[in-house]
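In case you want the letters, here they are:
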Amino acid sequence: HVAATILQAFDIPERAHSTPAALLQDWLRPKRLLLLLDNFEQVADAATGLAELLGHCPGVRALVTSRAALRVRGESAPSTTAAPPRWRRISSAMA
């Protein structure tokens, strides 16, 4: 489902004799690009497939937002601590 959605976003038609994942991998393999995937917690079961896809496409990187850890190799989670006091002053002045 995720692979088919990504294919659709790139306007790549699906083929009857190929799975969406295989078609996406073939299309992405020679590319150098950054995939931006938001709210991935909604399809977290697809994380392993995404990791496998990225393993076969060395020029492709993914920036994935998720409220839940995906628990795949290469995952890193930035700290989400509160903004420094100076930033809070600036942002509250803009409100």
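None of the values given here were measured: they were computed from a predicted structure.

Trainee: How would you summarise unusual backbone geometry if you had to cite specific residues and measurements?
Mentor: Here Asn39, not a glycine, exhibits a phi torsion of approximately 60 degrees, which is positive. Relative to the assigned elements, Asn39 resides in the loop between β1 (33-37) and α3 (47-56).

Trainee: Explain the packing of aromatic side chains residue by residue, including any values.
Mentor: Within the structure shown, the criterion is met by one aromatic pair. Seen from their ring centres, Phe10 and Trp27 are 4.7 Å apart, and the 45 degrees between their planes marks the pair as tilted. Of the two residues, Phe10 sits in the loop between α1 (2-9) and α2 (20-28) while Trp27 sits in helix α2, which places them 17 residues apart along the sequence. Under the relative-accessibility criterion, Phe10 is labelled partly exposed at 33%. Using a relative accessible area of 24% as the deciding quantity, one classes Trp27 as partly exposed.

Trainee: Would you mind going over the pattern of salt bridges in detail, with residue names and values included?
Mentor: In this structure the tally under the stated criterion is one salt bridge. Where Asp26 meets Arg29, a salt bridge forms, and the shortest distance between an N and an O atom there is 3.4 Å. Arg29 gets classed as partly exposed once you look at its relative accessible area, which sits at 38%.

Trainee: Which residues make up the packing of α1 against α2, and what are the values?
Mentor: Viewed as axis vectors pointing N to C, α1 and α2 meet at an angle of 45 degrees, and their least axial separation amounts to 8 Å. When the interaxial angle is binned, α1 and α2 end up oblique. Seen from above, α1 lies across α2 with left-handed handedness. Residue-level inspection shows Ala3, Ala4, Ile6 and Leu7 of α1 in contact with α2, the latter providing Pro20, Ala21, Leu23 and Leu24.

Reading the values: the criteria
Residues numbered from 1 in each chain as written. Predicted model: local features only at pLDDT ≥ 70, side-chain atom pairs only at ≥ 80, totals over all residues. Heavy atoms only, no water. Helix = DSSP H or I, 4+ residues; strand = E, 2+ residues; numbered from the N terminus. Phe/Tyr/Trp six-rings, centres within 6.5 Å; stacked < 30°, edge-to-face > 60°. Buried < 20%, exposed > 50% of the residue type's maximum accessible area, 1.4 Å probe, protein only. Salt bridge = Lys/Arg side-chain N within 4 Å of Asp/Glu carboxyl O. Axes fitted to C-alpha atoms, helices over the stretch in contact; angles between N-to-C directions. Parallel < 35°, antiparallel > 145°, perpendicular 65-115°, else oblique. Left-handed = near helix turned anticlockwise from the far one by under 90°. Contact = heavy atoms within 4.5 Å.

Nothing here speaks to function; it is geometry throughout.
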